[in-house]
Every structure is written in structure tokens, then in C-alpha cells.
Amino acid sequence: MVVVRRYVELLSRCRGGADARPIARIQAALVTSGLLRRSTELHDALIRAHASSGRPQAALPLYAHLIRAGLFPTPHTLPSLLKSLALSPAVPGARRLALAVHAHAVRLGLAGFLLVNNALIRVHAGLLGRLADAHLLLRTSAAVDASTFNTLITAHARAGRVADARSLFDEMPERNAVSWSAMVNGYVQAGDGREALGVFSQMQAQGVRPDDTVLVGVLAACAQLGALEQGKWVHGYLKANNIRMTVFLGTALVDMYAKCGEVQLGMEVFEGMKDKNVLAWTTMIKGLAMHGRGSDSLTLFSQMESSGVKPDDIAFIGALCACTHTGLVDKGRELFNSMVNNYGIKPKIEHYGCMVDLLARNGLLSEARDMVEKMPMKPDALIWGALMAGCRFHKNVELAEYVIKHWIELEPDKSGAYVLLGNIYSASGRHASAREIRNLMREKGVEKTPGCSNVEIKGVIHQFIVGDLSHPRIKDILTKWYEVDSRIRLEEGYVPDKKEVLLDIEEEEMESALSRHSEKLAIAFALISTEDYMPIRIVKNLRVCQDCHHVTKLISKVYGREIIVRDRTRFHLFKDGTCSCKDYW
């Protein structure tokens, strides 16, 4: 029918637009004329148009209208309808309708169509959260394609089941760019940058051209690992292939450079970006703060406000972090109040965490405790950890004992609280109390999180774990470390800080344990693997201990090397026996 075809064509032009009002006007005309109740094709066209609009939920009543009109869905109806359902999880009855649509698809013999089956897998894995059912649909499908696998790979990765995602990926008969992107980004989300880069290398070996999504994931993996050379390779690839610098690629590059210790290169990328959203500004603000450039970070925050970009809650976290790293207590209070009064942003627990950290670092422990006790939400482990770090630096044992009672309730099986309190006792000369903490850890079966350090040598990431002697060049590494240890003792009077060893072992073994801290092994390996003029970049999973911090300063002086260490909280730039971090512990 000519009129129906015209309406179908008109609706196809509306697809992809955020504004759903033109679709609503056409739908009203079709209902008024009576055409809609006589045509499955028009129902299909309307559902497809709504599914791609800013109001996908508007497609849902159309399915009920279709059934009431005595019409039957087609293989073209259900994929768009299921897409609308997946995009409307908050709509009452959405999950119930999804199950009803699945039942209709089976009863009408539509579940065997590839597009319908893929849509059913997508809605079970996403909206319904039934990964096992989605997996069963994959196994019992008459036909599958790359899209089928990609949906499940992404769903498993988002659920933290990256090993299952990898099994599906390896099983795929054919992969496309989406498959590679899903796997790379799945590993990144799981915090496994090494595997993400391994998948990317496999992708390159198979001659698959990476798209923007893959490259953003690769840059995120480089940021996790501190893999500067590989990150620079991606930047060069973008330039060599004239790939447009989208806001997502630009932001990922800024983040990579900042987290790899090259914040100035990140600033150059940022300044060259034509389009900057609030995330791009926030990434640069946080990058400067992480490097101790708090004043520059706050200046950039002001420039963002002046440019008309409204800061969101994450941007304020970056600005508050800048205050923390530069000790600007009054500015931090001003920003915290501005967030509420000027922008109407309700503070989240992360904002309170920043303020507690800022106050505790600067010795305002009573005010920090008061803020924790008056928070509108229950403090989490990060809040208590920030307060405990202030107790350690300012040697406030009484408050530390108060903090640990609350912290251990939240994380009874994690070592952070126990270790910090043990170190506070040791630093205060209460060695018997420190031993009690160690005994308590043993009784509860709490093990200290092992330190892990990554160092990039000629584009290859080498990982060292505290006490692990499995590296192929471990003999050379230990030989070098003994040389380093001898030199800093002889030339700089180094004495190991044994209170950092939370173990009941002999004096001589304490020194041996300290010498096998992961960053020391990584630095020794870098010294034998790089030229004398090259900076050494280390990324550590935990906070650098006081002994390792002191040792690294001495190494930078004795060997004339610039050493950049990124730990859990900040960057440390060691040069000529000094550090940029103000030695806060």
C-alpha cells in the first residue's frame, strides 16, 4: 500500500534522532486515521524509530497495541522491541515484558531467527542479568554470528567474569573489531592491563585495523601499567593514519600521559583538543593534582568554569584532590561549600573522603574526625583509611585505635588497617602492641597485600612482586641490588627502616625482606637494563613505604637518575636526592 510505504519511509528518516516528538506526531496521525491498527509494518517502523530515539520506552505500548489489534509480530518487530526494553530498565514491568516477548518468540517460531535470538541473548545478559540463560541460548541457537558472541563477551566482562569472556572470545569462529574491543576493554575493566595489551598485540598480528574504541581501551591499559612507550606508539599511530582526535581519544591520551609521568605531554594534547567536555577537563585537572601541581590544577578548574563548562561531581573530586596535594585547607573548604551552594551538587562519599584526607594530612585530626562522624552516609574503608593515614603521620595513637575499630568492622579480612596501626605502634615505640597486631593478623588469617611493581623496558612490561625471585634475570637483579645497597650505605649512610617489616623475624632477615620489596627489585632491573641518562618509571599497586621512599631518594642522588614512581595515591619524582611529594607519611 502506497500510503503505508510513505509513512515507513518518513519514520525511517526519524531514526537516530534524540528528539522523539516527530515520531509521536506521526504515530498520532496513524492512530487517528486508523491505519496503525491494520498494519504490522507500521508497528515495526514505529517501534524501530522509537528504539533509536531519545525515548525508547515509547516503543513498549506499541507492542501491546499490536497484539490487541490481532496482528502478529515479525522477525523485524522483536529485535527493535527488545532493544527498547534493554534501554529502558527503569520502566515498570520492563523485565516482565521481556520474558513475555521471549515466550511469544518461541510460540510463534521466531526465536530461530538470528536477529531475534541475538536480541534475546542481549536482553537476558543485560536487562534481566541472567548470564546462564543467555549462555544457554547461545549453545542451543540454530545460528550464531560474531554479534552473538560479542554480546556475551561484553556482558561477562561487565560482570567481572573476564575469564569466561576470554573463553568465549577464544571459541569464536570469526572475530570483528567489536570482538577485539570487547576483550581489550574487558581486561581493562578487570584491572588487567597486561592481558589487554596482549590481546591488542594478537589483534595486530592478525592484521585487524583497530578502531577508536579499541585504541581508547589500549590507552587505558597503558595508563594502568605506566606503559609510556606503548602509549606513545598509539599516539603516533593516530597521527600517521590521520585518525580524527575525538574527545574520547584525546581524553584517553591525556589520562595515559598523566598516569605515565608525562603530565606536560598530556597538557599539550589537552590544549590541542578542539572539543573538550567536562570529562576531558576533569582528567587534566586530576592529572596535574596527581603530580603535585595543585595550583595549576586549581587554575585549570577556574578556566573550565570560565569557559562555560559546568563542573560535575567528579570534577570537584579532582579539584579537592589538588587542594589535598598542596595543603590548601581553606581552598578545599571553599570548593566543598561551592559545590553545594553554587552548583547544587550533593556531596558523595568520595567528596567527604577528599575533605577528610585534606584535614587529616594537615594535622586537623579533630575536625577530620568530626566530619566523619557527621557525614550523612556511613563511612567506608577509604574514609577510615584517610583518617588513619593522618594519625600515622601525626603519631596520634589514641585516634588510630578509635579508627581501627570501625575500619576492621568493614574489612575484617584485609590487611590495610592492621598494617597501618602496627606501623603507628612501631613508630611510637610501642613494640609490644605492634607484636600484638601481628599476632592478631595471624589468628584471623589476614595476609598483607603483596606489593607489586611494574617497569617498562623497551616497550615490554616487567612485573615484580615482593619477595618473588622468579624473574629470568633475578641473579643479575640481586647482584645489582647488593651493589646499590652497598653504595647508599657507604656514600649516604643509609640504615634500613626495619619498622616497615611487619613480621616476627630475625634482625638480619628483616634487612633481607626489605631488600626484596617490589619497587627495589624493579629499580635494580631498570638500572641494568637502561642507559644512564634514561628516566626510570615504576608503577606500584600499594603506597610506597617509608624505607623504599628514602632508598629511592638516595639512589637518585648516588646514580644521578631520575626515578618516577606512581603508587596508589600519587606520583613521586625523585631527582638529585629529593622528592616532589613532600615526604608525607
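Owing to the predicted nature of the structure, the values given are computational and were not obtained by experimental measurement.

Before going further, it helps to spend a moment on the overall build of the protein chain. Secondary structure assignment for the protein chain yields 30 helices and 6 strands. Its C-alpha atoms give the protein chain principal-axis dimensions of about 95 × 55 × 50 Å. For the protein chain, contacts bridging at least 24 residues in sequence account for 63% of all contacts bridging at least 6. Working note: accessible area of the protein chain is about 27300 Å², and carbon and sulfur atoms make up 52% of it. Computed over 72 positive and 63 negative side-chain charges, the inter-centroid distance for the protein chain is 9 Å.

Let us now look at the UniProt feature "repeat: PPR" (unreviewed entry) in the protein chain. UniProt records the feature "repeat: PPR" (unreviewed entry) at residues 39–73, 145–175, 176–210 and 277–311, using the numbering of this structure. The span residues 145–175 is 74% helical and 0% strand by assignment, and the distance between its end C-alpha atoms comes to 9 Å. Secondary structure across residues 277–311 comprises 74% helix and 0% strand; the distance between its end C-alpha atoms is 10 Å.

Turning our attention to the packing of helix α23 (residues 381–393) against helix α24 (residues 397–410). Two elements in contact, α23 and α24, have axes whose closest approach is 9 Å; the angle formed by their N-to-C orientations is 155°. Accordingly, the angle class assigned to the pair α23 and α24 is roughly antiparallel. Here α23 runs over α24; the crossing is left-handed. Here Ala381, Trp384, Gly385, Leu387, Met388 and Cys391 of α23 come into contact with α24, specifically with Leu399, Ala400, Tyr402, Val403, Ile404, His406, Trp407 and Leu410.

For the rest of this paragraph, the subject is unusual backbone geometry. In the Ramachandran plot, Lys395 falls in the positive-phi region, its phi being about 55° despite a non-glycine side chain. For Lys395, the location among the structural elements is in the loop between α23 and α24. A positive phi angle, close to 55°, is found at Lys458, a residue other than glycine. Among the secondary structure elements, Lys458 is positioned in the loop between β1 (452–457) and β2 (460–465).

It is worth spelling out the nonpolar core at this point. Of all hydrophobic cores here, the largest spans 151 residues; its most connected members are Ile153, Met256, Phe270, Leu387 and Met388. Once you skip the residues sitting within four places of it in the chain, Phe270 turns out to touch Val254, Lys276, Ala280, Trp281, Met284 and Leu300. In terms of nonpolar packing, the next biggest core, distinct from the first, is built from 32 residues, Ile474, Val484, Ala522 and Val565 among them.

On to the state of the cysteines, then. One pass over the full model with this rule turns up 0 disulfides. Cys391 takes part in no disulfide bond, and the closest cysteine sulfur to it belongs to Cys354, at a distance of 18 Å. On the basis of relative accessibility, which here comes to 0%, the residue Cys391 falls in the buried class.

The next point concerns helix α25 (residues 416–427). Along an α-helix, a turn takes 3.6 residues, which lines up residues three or four apart on a common side. With 12 residues, α25 should cover 16 Å at 1.5 Å per step; its first-to-last C-alpha distance of 17 Å lies within 8% of that length. Counting buried residues in α25 gives 10 out of 12 residues, a clear majority hidden from the surface. All of the buried residues along α25 are Ala417, Tyr418, Val419, Leu420, Leu421, Gly422, Asn423, Ile424, Tyr425 and Ser426. At its buried positions, α25 is contacted by α23, α24 and α26 (431–444). Looking one or two residues past α25, Gly429 carries a phi angle of roughly 80°, positive in sign.

Moving on, we get to the packing of aromatic side chains. Inspection of every chain in the model, using the stated rule, returns 9 aromatic pairs. Between Phe169 and Trp180 the ring centres are 5.1 Å apart and the planes differ by 75°, which places this aromatic pair in the edge-to-face class. With Phe169 in helix α10 (residues 162–171) and Trp180 in helix α11 (residues 177–189), the pair connects residues that are 11 residues apart, well separated along the chain. Grouping residues by exposure puts Phe169 and Trp180 together as buried. Ring pairs connect the aromatic residues Phe200, Trp233 and Tyr237, which therefore count as one cluster. Directly above the ring of Trp180 sits Arg175, whose terminal nitrogen or CZ lies 5.4 Å from the centroid. For Arg369, the ring lying beneath its charged end belongs to Tyr402, and the centroid distance is 3.7 Å.

A separate point is the pairing of β2. Bridging between β1 and β2 involves 6 bridges; their strand directions are antiparallel. Each residue of the ladder has a partner; that of Asn454, found in β2, is Gln463.

This brings us to the pairing of β1. Within β1, 6 of the 6 residues are buried, which leaves it mostly tucked inside the rest of the structure. By the alternation rule, side chains of β1 split into Cys452, Asn454 and Glu456 and Ser453, Val455 and Ile457, which are all buried. Linking two consecutive strands that pair antiparallel, namely β1 and β2, is a turn of 2 residues; a positive phi of about 55° is found at Lys458 within it. One ladder, built from 3 bridges, connects β1 with strand β3 (residues 536–540); its direction is antiparallel. Bridging from a neighbouring strand, Ser453 pairs with Lys540 of β3.

Another point: helix α27 (residues 474–492). Here α27 spans 26 Å end to end across 19 residues, near enough to the 27 Å set by a 1.5 Å rise per residue. The set of residues buried in α27 consists of Ile474, Ile477, Leu478, Lys480, Trp481, Val484, Asp485 and Ile488. With its buried residues spanning 160° around the axis, α27 presents them on a single face. Counted as exposed and oriented over 90 degrees from the buried face of α27: Lys475, Thr479 and Leu490. Positive backbone phi, at 70°, marks Gly493, one or two positions downstream of α27.

As a further point, take the sheet that holds strand β4 (residues 563–566). One key point about sheets: their strands pair by backbone hydrogen bonds, in either a parallel or an antiparallel sense. Spatial strand order, β2-β1-β3-β4-β5-β6: 6 strands in an open sheet with mixed pairing. Each edge of the open sheet is held by one strand with a lone partner, namely β2 and β6 (578–579).

Before going further, it helps to spend a moment on the pattern of salt bridges. For the coordinates displayed, the defined rule picks out 25 salt bridges. Among the salt bridges present, the one from Arg166 reaches Glu195, with a minimum N-O distance of 3.8 Å. Taken together, the positions of Arg166 in helix α10 and Glu195 in helix α12 (residues 193–205) put the pair 29 residues apart, joining distant regions of the chain. Given the relative accessible area of 18%, Arg166 is considered buried. Exposure remark for Glu195: the relative accessible area of 35% places this residue in the partly exposed category. A salt bridge links Lys575 to Glu562, with the shortest nitrogen-to-oxygen separation between them at 3.8 Å. One end of the pair, Lys575, is in strand β5 (residues 571–575); the other, Glu562, is in the loop between α30 (546–558) and β4, and 13 residues separate them in sequence.

How each quantity is defined
- Residues numbered from 1 in each chain as written.
- Predicted model: local features only at pLDDT ≥ 70, side-chain atom pairs only at ≥ 80, totals over all residues.
- Heavy atoms only, no water.
- Helix = DSSP H or I, 4+ residues; strand = E, 2+ residues; numbered from the N terminus.
- Contact = heavy atoms within 4.5 Å.
- Areas by Shrake-Rupley, 256 points an atom, 1.4 Å probe, with all protein chains shown as cover.
- Lys, Arg positive; Asp, Glu negative; His and termini not counted.
- Charge placed at Lys NZ, Arg CZ, Asp CG, Glu CD.
- UniProt positions renumbered as here; feature names shortened; annotations may be inferred.
- Axes fitted to C-alpha atoms, helices over the stretch in contact; angles between N-to-C directions.
- Parallel < 35°, antiparallel > 145°, perpendicular 65-115°, else oblique.
- Left-handed = near helix turned anticlockwise from the far one by under 90°.
- Core = buried A, V, L, I, M, F, W, Y, C linked by side-chain atoms within 4.5 Å.
- Buried < 20%, exposed > 50% of the residue type's maximum accessible area, 1.4 Å probe, protein only.
- Disulfide = S-S within 2.5 Å.
- Expected span 1.5 Å × (residues − 1).
- Phe/Tyr/Trp six-rings, centres within 6.5 Å; stacked < 30°, edge-to-face > 60°.
- Lys NZ or Arg CZ within 6 Å of the ring centre and 35° of its normal.
- Pairing = 2+ DSSP bridges.
- Arc of directions from axis to C-beta.
- Salt bridge = Lys/Arg side-chain N within 4 Å of Asp/Glu carboxyl O.

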